[in-house]
Protein chains: 2
Amino acid sequence: MPGSEFQLIQSFFADPEQVTRPDLVLGIGDDCAIVAPREQSNLAISIDTLISGVHFPHNTTPDAIAYKALAVNLSDLAAMGAEPAWFTLSLTLPEVMYNDRPREQWLKQFSQSLFSLASEHNLQLIGGDTTRGPLAITIQISGYVSKENAMKRSGAKPGDLIIVTGALGAAAIGLDIALEQNEEHYTCLSEQHKQEAFRALNYPQAKIKEGLRLQSIAHSALDLSDGLVSDLGHILTASDVGAKLFLEQIPLSDTLVCLNKKKAWETALTGGDDYELCFTLAEENWSSVKQEHPEFTVIGVITAQKGLRLLDADGEELKMHTRGYDHFG
Amino acid sequence: MPGSEFQLIQSFFADPEQVTRPDLVLGIGDDCAIVAPREQSNLAISIDTLISGVHFPHNTTPDAIAYKALAVNLSDLAAMGAEPAWFTLSLTLPEVMYNDRPREQWLKQFSQSLFSLASEHNLQLIGGDTTRGPLAITIQISGYVSKENAMKRSGAKPGDLIIVTGALGAAAIGLDIALEQNEEHYTCLSEQHKQEAFRALNYPQAKIKEGLRLQSIAHSALDLSDGLVSDLGHILTASDVGAKLFLEQIPLSDTLVCLNKKKAWETALTGGDDYELCFTLAEENWSSVKQEHPEFTVIGVITAQKGLRLLDADGEELKMHTRGYDHFG
């Protein structure tokens, strides 16, 4: 393996076309990479692993796997208000991909997709590890974050508006389509909407620009990976506050159109993989943000009273039996 | 999973006893960790994945798995002459460990071993990810490295002495013992030597202090993970030089005593997992280093002529049919 591992890394991940950052001193090919961080910033660091059959269906294309593995890490930077800089990749590939022809096609598609997304964000691959085993991708990402204004989960204050950066629920429908499950969730959809759901699942858009815009004014933020109710619960716990969500205000993806209202809300509240940002903001800052970002939507308000209440248009509380809700209700 | 994942991380990896570094701004529990790197240094970064059944036998204890996963990353820092600072952990655990009693014992032993080694090196866990799947551990480590003197693989010069920091081959014997294979390699060993081999395999000692000592004078360095011939090949390629190794000078582990001389050399030259440093040095610097580190041994010399030659006491060249040797011979 050492020889083939080395060649593998060399041939697919030492892309001469990739971004070349001035703050990288030594890249792929030594025991460590060496970076020279800018002095006026802190560094935000996150690590995420995607496992085949757990985080993406086994039939996912290498292009989509690479995209998503990097995008979810970018999304963590976005949630802190950080600017992407470098990443490392640990790629575990099944043995058959080491020895058969398709391995090369797989790696070519994977690496092209990875470098394409990285270059959009001026992000450079600086090191990696390649091992044999069940397909898994671990990426650690590092980015610059303001010394004063990183967006933590712990800063939400009673009275803050709760805002999401886009519509929710499409990735959950995409997963149904990918797994050919819950057909009633998507049989009524147009081909275009099916594609949209599928793209939401496989090609999540990390809200880097939005995070950078918000870092000086948001009181708290995170990215929606496990579902709104579960993720918002982390903000409530970390900030020691509660919240009211106004169900009618939650921006529902067009791809939820086959579902009745209650089922659509449940999907938007508990479906994972949306990778929109959810943040809280003092009310006086909302109008200027809204002007720049009409796609952002206020969905609730932080309360001093603990717990999360889900209110319909009549002010009636919705009871949902989801794990996330049980946790924080 | 989100709920249990979160609790898992909280309960086992948010150790209040662990190292608290002043250059950590925000630790485990947010979308990213935030660090404030010292301004006078660069950062060295490395990532390594260990997979059960590939990098360690399935029957390895959680204590040893954690130790080794961190030690091999520390060893990468040692090889650059870096000082450990922070690490992130991605832990993939089989489902049964999430739901059964033994999961907790496993995690307790794993995390205690991890934090124990980390604290020896003033190294802090700053983030992680926990996923379901076949047992795998990915660690990314970061450390401070001198802006001037990081030890790269590419700096070896003709005339440099080639030096290793300790005896070779014990981990290969340890692997034979762990896998109950090649019994003739270890049946003659005393119980103490068997233990020593087993420890070499499972508890490699990262040469951090040695790396820090060497960083201002070594021309090139790496750590021995894949075997001396294969790893030294990386220095030769990166530095565009060749080397002569003097077989009689290679420090053989006492645990190779059951093997004849040629087989012992082969094991020392190609056995993996030793995690000694191999470095090159101008001859005039050797005597002072040797005085401080009598356990270091000169094993060869860098040559302008390409290729790696393995010479016995009579100056005869040893031909070995190992993959590493074929690569660079």
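Residues numbered from 1 in each chain as written. Chains lettered and ligands numbered in written order. Predicted model: local features only at pLDDT ≥ 70, side-chain atom pairs only at ≥ 80, totals over all residues. Heavy atoms only, no water.

**Re the pattern of salt bridges**
Consideration 1: In this structure the tally under the stated criterion is 18 salt bridges over all chains.
Consideration 2: We note a salt bridge from Arg213 of chain A to Glu292 of chain A, for which the minimum N-O separation is 2.7 Å. Highlighted residues: Arg213 of chain A in helix α7 (residues 208–214) and Glu292 of chain A in helix α10 (residues 286–292), separated in sequence by 79 residues.
Consideration 3: Judged by its relative accessible area of 44%, Glu292 of chain A falls in the partly exposed class.
Consideration 4: Arg38 of chain B serves as the salt-bridge partner of Glu83 of chain B, at 3.2 Å between the closest nitrogen and oxygen. Of this pair, Glu83 of chain B sits in strand β4 (residues 83–93) while Arg38 of chain B sits in the loop between β2 (33–35) and β3 (42–51), placing them 45 residues apart in sequence.
Consideration 5: The exposure class of Glu83 of chain B is partly exposed, given its relative accessible area of 29%.
Consideration 6: Linked through salt bridges whose partners overlap, the residues forming this network are Asp30 and Asp31 of chain A together with Arg153 of chain B. (Salt bridge = Lys/Arg side-chain N within 4 Å of Asp/Glu carboxyl O. Helix = DSSP H or I, 4+ residues; strand = E, 2+ residues; numbered from the N terminus. Buried < 20%, exposed > 50% of the residue type's maximum accessible area, 1.4 Å probe, protein only.)

**Some thoughts on the packing of helix α5 (residues 170–179) of chain B against helix α6 (residues 191–202) of chain B**
All names here are of chain B.
Consideration 1: Their axes nearest at 7 Å, the elements α5 and α6 cross at an angle of 100°. Judged on the interaxial angle alone, α6 and α5 are roughly perpendicular. Between α5, through Ala170, Ala171, Ile173, Gly174, Leu175, Ile177 and Ala178, and α6, the contact on the second element is made entirely by Lys194, Ala197, Phe198, Ala200 and Leu201.
Consideration 2: The class makeup of the residues in the contact of α5 with α6 is ten nonpolar, one polar and one charged. (Axes fitted to C-alpha atoms, helices over the stretch in contact; angles between N-to-C directions. Parallel < 35°, antiparallel > 145°, perpendicular 65-115°, else oblique. Contact = heavy atoms within 4.5 Å. Nonpolar A, V, L, I, M, F, W, Y, C, P; charged D, E, K, R; others polar.)

**Examining the state of the cysteines**
Consideration 1: The final tally for this structure, using the stated rule, is two disulfides over all chains.
Consideration 2: The residue that forms a disulfide with Cys188 of chain A is Cys258 of chain A, at a sulfur-sulfur distance of 2.1 Å. Residues Cys188 of chain A and Cys258 of chain A are joined through a disulfide that is left-handed, its torsion about the S-S bond being -105°. Taken together, the residues Cys188 of chain A in the loop between α5 (170–179) and α6 (191–202) and Cys258 of chain A in the loop between β9 (242–246) and α9 (261–270) connect sequence positions 70 residues apart.
Consideration 3: No disulfide involves Cys32 of chain A; its nearest neighbouring cysteine sulfur is the one of Cys278 of chain B, lying 16 Å away. (Disulfide = S-S within 2.5 Å.)

**Here we look at the domain arrangement of chain A**
All names here are of chain A.
Consideration 1: Assigned domains of chain A: these are domain 1 (2–145) and domain 2 (161–314).
Consideration 2: Here the C-alpha centroids of domain 1 and domain 2 sit 27 Å apart.
Consideration 3: Of the roughly 1,600 Å² buried at the junction of domain 1 and domain 2 (both faces included), carbon and sulfur atoms supply 62%.
Consideration 4: Inspection of the domain 1/domain 2 interface yields one salt bridge.
Consideration 5: We note a salt bridge from Asp273 to Lys68, for which the minimum N-O separation is 2.8 Å.
Consideration 6: Linking domain 1 with domain 2 are five residue pairs in polar contact (both at pLDDT 80 or more), by the criterion used here.
Consideration 7: For the side of domain 1 that touches domain 2, the element with the most residues is helix α2 (residues 62–80), which contributes 13 residues.
Consideration 8: Counted by class, the side of domain 1 that touches domain 2 contains twelve nonpolar, six polar and four charged residues. (Domains from an automatic or database assignment. Buried area = accessible area lost by both parts, 1.4 Å probe. Polar contact = N/O pair within 3.5 Å; in protein donor to acceptor, adjacent residues only side chain to side chain.)

**Brief notes about the interface of chain B and chain A**
Consideration 1: Contacts between the two partners involve 59 residues from chain B, matched on the other side by 59 residues from chain A.
Consideration 2: Carbon and sulfur atoms supply 57% of the area that chain B and chain A bury against each other, a total of about 4,600 Å² over both sides.
Consideration 3: Of all residues in chain B, the largest losses of buried area upon contact with chain A belong to Asp31, Ile45 and Ile47 of chain B, amounting jointly to 15% of the total for that side.
Consideration 4: Its salt-bridge partner being Arg153 of chain A, residue Asp31 of chain B comes within 3.0 Å of it at the nearest N-O pair.
Consideration 5: In this structure, the connection of chain B to chain A is made through 18 residue pairs in polar contact (both at pLDDT 80 or more).
Consideration 6: At nine residues, β3 of chain B tops the list of elements feeding residues into the side of chain B that touches chain A.
Consideration 7: Of the residues that constitute the side of chain B that touches chain A, the class distribution is 28 nonpolar, 19 polar and twelve charged.

**Quick look at the packing of aromatic side chains**
Residue and element names in this part refer to chain A.
Consideration 1: With the rule as written, the count across this model stands at eight aromatic pairs over all chains.
Consideration 2: When the ring of Phe279 is compared with that of Phe296, the centres are 5.7 Å apart and the planes differ by 70°; the resulting orientation is edge-to-face. Pair noted here: Phe279 is in strand β10 (residues 277–281) and Phe296 is in the loop between α10 and β11 (297–303), with a separation of 17 residues, a long-range link. Of the two residues examined, Phe279 and Phe296, each falls in the buried class.
Consideration 3: The residue whose ring lies beneath Arg38 is Tyr144, and the NZ or CZ to ring-centre distance is 3.8 Å. (Phe/Tyr/Trp six-rings, centres within 6.5 Å; stacked < 30°, edge-to-face > 60°. Lys NZ or Arg CZ within 6 Å of the ring centre and 35° of its normal.)

**Some thoughts on the relation of the copies chain B and chain A**
Consideration 1: Note on the identical chains: chain B maps onto chain A by a rotation of 180° and an axial translation of 0.0 Å, with an RMSD of 0.0 Å. Such values leave the two copies arranged in the relation of a two-fold axis. In terms of C-alpha distance to the rotation axis, chain B has Glu39 of chain B as its closest residue, with the C-alpha 3.1 Å off the axis.
Consideration 2: Comparing interface residues between copies, 100% of those in chain B also sit at the interface in chain A, which points to an isologous, same-surface contact. (Least-squares fit on C-alpha atoms with pLDDT ≥ 70 in both.)

**With respect to the sheet that holds β2 of chain B**
Consideration 1: One open sheet accounts for six strands, arranged β5(A)-β4(A)-β6(A)-β3(A)-β2(B)-β1(B); its pairing is mixed. A strand with exactly one partner marks an edge of an open sheet, and here the two such strands are β5 (124–132) of chain A together with β1 (24–26) of chain B. Neighbour-to-neighbour, the strand axes of this sheet turn through a mean angle of 20°, independent of strand direction.
Consideration 2: Where β1 of chain B and β2 of chain B come together, two bridges link them in antiparallel fashion. Paired with Leu26 of chain B across the strands is Ile34 of chain B, a residue of β2 of chain B.
Consideration 3: Contacts between α2 of chain A and the sheet are confined to β3 (42–51), β4 (83–93) and β6 (136–145) of chain A together with β1 and β2 of chain B, with β6 of chain A contributing the most and set at about 30° to the helix. (Pairing = 2+ DSSP bridges.)

**A word on α9 of chain A**
Consideration 1: Within α9 of chain A the residues assigned to the buried category are Ala264, Trp265, Thr267, Ala268 and Leu269 of chain A.
Consideration 2: Two or three places before Lys262 of chain A, at the opening of α9 of chain A, Asn260 of chain A has a side-chain oxygen 3.2 Å from that residue's backbone nitrogen.

**Some remarks on the sheet that holds β9 of chain A**
Residues and elements named next belong to chain A.
Consideration 1: Reading across from one edge, β8-β10-β7-β11-β9-β12 is the order of the six strands in this open sheet, with mixed pairing throughout. The sheet is open, and its two edges are formed by β8 (220–223) and β12 (308–311), each paired on a single side. Sheet twist, expressed as the mean angle between neighbouring strand axes with direction ignored, is 20°.
Consideration 2: Direction of pairing for β9 relative to β11: antiparallel, over a ladder of four bridges.

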